[in-house]
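Per-entry structural report
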Amino acid sequence: MGSSRRSSAGATGGAPAKDQTRLRIEKMEAEREERRRIMQERKIERAEEEQRNIAAGNPGDVDFIGLVRKWRETHSDTAQSFSSSKQHPKICIAVRKRPVSEKERAKRDHDSVTCLHPTVWVHSAKLRVDGITKYLDHNSFRFDYSFDETSTTEDVYNYSAMPLIEFVCSGKGGRATVFAYGQTGSGKTFTMNGIQSMVAEDLFHLLSNDDYEYDDSKCTLDNTIVTVSFFEIYGGRIVDLLNNRERLKVLEDGKGEVVVSGLEEFESNDPAEFFALVDAGNKKRTTHSTEANDTSSRSHAICQILLRDKATSRLRGKLSLVDLAGSERGTDTKSHNRQRRTESSEINTSLLALKECIRALDSGKGGRHVPYRASKVRYTVEETRVNF
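Here we summarise the structure given alongside this text. (Residues numbered from 1 in each chain as written. Predicted model: local features only at pLDDT ≥ 70, side-chain atom pairs only at ≥ 80, totals over all residues. Heavy atoms only, no water.)

Observations regarding the overall build of the protein chain
Each helix and strand counted, the protein chain has 8 helices and 17 strands in total. For the protein chain, restricting intrachain contacts to residue pairs at least 6 apart in sequence, the fraction spanning at least 24 positions comes to 66%. Accessible surface for the protein chain amounts to roughly 22,300 Å². Of this, 50% is attributable to carbon and sulfur atoms. (Helix = DSSP H or I, 4+ residues; strand = E, 2+ residues; numbered from the N terminus. Contact = heavy atoms within 4.5 Å. Areas by Shrake-Rupley, 256 points an atom, 1.4 Å probe, with all protein chains shown as cover.)

Structure (structure tokens):
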């Protein structure tokens, strides 16, 4: 009897327990297969997305690129429209983003900057404490204007430099300066070359324009001569780019104004002559190959457009277009020789001095000292109106 009951208990109680175990095992196997299937699909999607990113010129970590793309889709509506204002600020700061370069693609760097006018966002790739989970850290910087990689040089010119043309043509001795500032390889010279061309077209158009009401105080081709001078500052030396690279000196006259002694001015009667002079000066600039740029500008180039009275040669307006040498990080100078490293040090020092001058001018405190003597390039900011 006892044996029969044990056998019966085993038949009725043991089989269901075994079935439940088998079901759990089968469920675990099914879940494992599903996870494998999902992981395989994700692996294929990741590879396809990586190929799409490479084709779009944005290689790098697929996960971080995806996080940046989702962030942009979420915040794209925060960008404001560009609007020109008649009340142009004394100092206007515009930022232009360039596309990812070939060297950066080769290093598989990804696009981590987003321009949503007037704010620029920098996305930093981070890993959480577990060392696996990826996330982005966002830092924002606000400017007067921010232009993304789809913006043209004409867009940059229309909002940053064009308002200055009418200002210097007012005939009241207005002075303005446009700086191209940034790291080496960031596209400063490319942008400045385009601005130089547009300035010439608009300048001569305004001087010869008969549509606006005649005002003898304003500059016109009838009462004004347009002259161009072009020089560079390299390693503490100043040379005339339009006069066989003659050495020049920066002096201060009795009125306290800075004068470049020996600088030649060449008359320009139309945009074509202006282009020829500027092109000749650009070709004589000092350039060298660096880690960041094969044709890096190693000098500060200053193109001055002067409007002088035909009768008295009195200065009626002045526009300076300054293409600054590119700043460099220490990591970008590892393979430089002694001369290149000395150049980089001098460039960074002069740019720091220029920054301090601009900061002092914009502080709004009349008694604050402006360190003009800290660098030869500092004289370019001694203007009544500055566009940076």
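Re the packing of aromatic side chains
Working definition: an aromatic ring pair is given by the centre-to-centre distance plus the angle between the planes. What the rule picks out here adds up to 8 aromatic pairs. Both rings, one in Tyr145 and one in Tyr159, keep their centres 5.5 Å apart while their planes meet at 40°; by these two values the pair is tilted. Of this pair, Tyr145 sits in strand S6 (residues 145-147) while Tyr159 sits in helix H4 (residues 153-160), placing them 14 residues apart in sequence. Residues Phe147 and Tyr159 carry aromatic rings whose centres are separated by 6.5 Å and whose planes lie at 35° to one another, so their mutual orientation is tilted. (Phe/Tyr/Trp six-rings, centres within 6.5 Å; stacked < 30°, edge-to-face > 60°.)

A few points about H4
For H4, the full list of buried residues reads Thr153, Val156, Tyr157 and Ser160. The buried residues of H4 occupy one face: seen down the axis, they fall within an arc of 95°. (Buried < 20%, exposed > 50% of the residue type's maximum accessible area, 1.4 Å probe, protein only. Arc of directions from axis to C-beta.)

Observations concerning the sheet that holds strand S4 (residues 119-127)
The strand order across the open sheet formed by 3 strands is S3-S4-S5, and the pairing between neighbours is antiparallel. Across the chains shown, the open sheet's two edge strands, defined by having one partner strand only, are strand S3 (113-116) and strand S5 (134-142). Looking at each pair of strands side by side, their axes are set apart by 25° on average, direction ignored. Here 4 bridges tie S3 to S4, and the two strands are oriented antiparallel to one another. (Pairing = 2+ DSSP bridges. Axes fitted to C-alpha atoms, helices over the stretch in contact; angles between N-to-C directions.)

Points about the nonpolar core
Ranked by internal contacts, the top residues of the largest apolar core, which has 32 residues, are Val199, Leu203, Ile305, Leu319 and Leu321. A total of 7 residues in this core trace back to one element, the largest contributor, which is helix H6 (residues 188-207). Residues in contact with Ile305, not counting those within four places in the same chain, are Val199, Leu203, Val226, Thr227, Phe274, Gly317, Lys318, Leu319 and Leu321. In this structure, Ile91, Phe231, Leu248 and Leu354 belong to the second largest nonpolar core, which totals 16 residues. (Core = buried A, V, L, I, M, F, W, Y, C linked by side-chain atoms within 4.5 Å.)

A short note on the pairing of strand S7 (residues 174-180)
With 6 of its 7 residues buried, S7 lies for the most part within the structure. Direction of pairing for S7 relative to strand S16 (residues 315-323): parallel, over a ladder of 7 bridges. Looking at S16, one finds that Val178 is bridged to Leu321.

Structural notes on the pattern of salt bridges
All told, the structure shown has 18 salt bridges when counted by the stated rule. Asp63 is the partner of Arg42 in a salt bridge, and the nearest nitrogen-oxygen pair spans 3.5 Å. In this pair, Arg42 sits in helix H1 (residues 2-55) while Asp63 sits in helix H2 (residues 62-75), placing the two residues 21 residues apart along the sequence. Among the ionic pairs, Lys283 bridges to Asp279, the shortest N-O distance being 3.2 Å. Highlighted residues: Lys283 and Asp279, both in helix H7 (residues 271-283), separated by 4 residues, approximately one helical turn. (Salt bridge = Lys/Arg side-chain N within 4 Å of Asp/Glu carboxyl O.)

Remarks on the packing of H6 against H7
In the contact formed by H6 and H7, the axes pass within 9 Å of each other and the chain directions differ by 155°. As judged from the angle between their axes, H6 and H7 are roughly antiparallel. The element H6 and its partner H7 pack so that their crossing is right-handed. Between H6 and H7, the residues in contact are Asn193, Gln196, Ser197, Ala200, Glu201 and Phe204 and Pro271, Phe274, Phe275, Val278 and Asn282, respectively. Residue classes in the contact of H6 with H7 are distributed as 6 nonpolar, 4 polar and 1 charged. (Parallel < 35°, antiparallel > 145°, perpendicular 65-115°, else oblique. Left-handed = near helix turned anticlockwise from the far one by under 90°. Nonpolar A, V, L, I, M, F, W, Y, C, P; charged D, E, K, R; others polar.)

Describing the side chain of Lys188
When you line up the elements, Lys188 lands in helix H6. Buried charge without a partner: Lys188 forms no salt bridge, and the closest opposite charge is Asp323, 5.6 Å away. In this structure Lys188 touches Ala180, Tyr181, Gly182, Gln183, Asp323, Leu324, Ala325 and Gly326, once residues within four positions along its chain are discounted. (Lys, Arg positive; Asp, Glu negative; His and termini not counted.)

Overview of unusual backbone geometry
For the bond running from His117 to Pro118, omega is 5°, close enough to zero to count as cis. The residue Pro118 is located in the loop between S3 and S4 in this model. For Asn244, which is not glycine, the phi dihedral falls at a positive 55°. In this fold, Asn244 is placed in the loop between strand S9 (237-240) and strand S10 (246-252). For Asn244, a relative accessible area of 61% puts it in the exposed group.

Side note on empty space enclosed by the protein
Evaluation of the coordinates by the stated rule reveals 2 cavities of 30 Å³ or more. If you add up the space inside the largest cavity, you get close to 30 Å³. Looking at the largest cavity, the residues that line it are Thr189, Met192, Asn193, Gln196, Phe230, Asn282, Arg285, Ala301, Leu321 and Asp323. Considering every element that reaches the lining of the largest cavity, the biggest residue donor is H6, with 4 residues. When the residues that make up the lining of the largest cavity are grouped by side-chain class, the tally is 4 nonpolar, 4 polar and 2 charged. (1 Å grid on protein atoms, 1.4 Å probe; cavity = no way out; pocket = protein on both sides within 12 Å on 5 of 7 lines; lining within 4 Å. Points joined across faces, edges and corners; volume = space filled by probe spheres on them.)

Structural notes on the environment of Phe274
In this fold, Phe274 is placed in helix H7. In this structure the C-alpha to C-alpha distance between Phe274 and Phe204, which are 70 residues apart in sequence, comes to 9.9 Å. Setting aside chain neighbours within four positions, we find Phe274 in contact with Gln196, Ala200, Phe204, Val228, Ser268 and Ile305.

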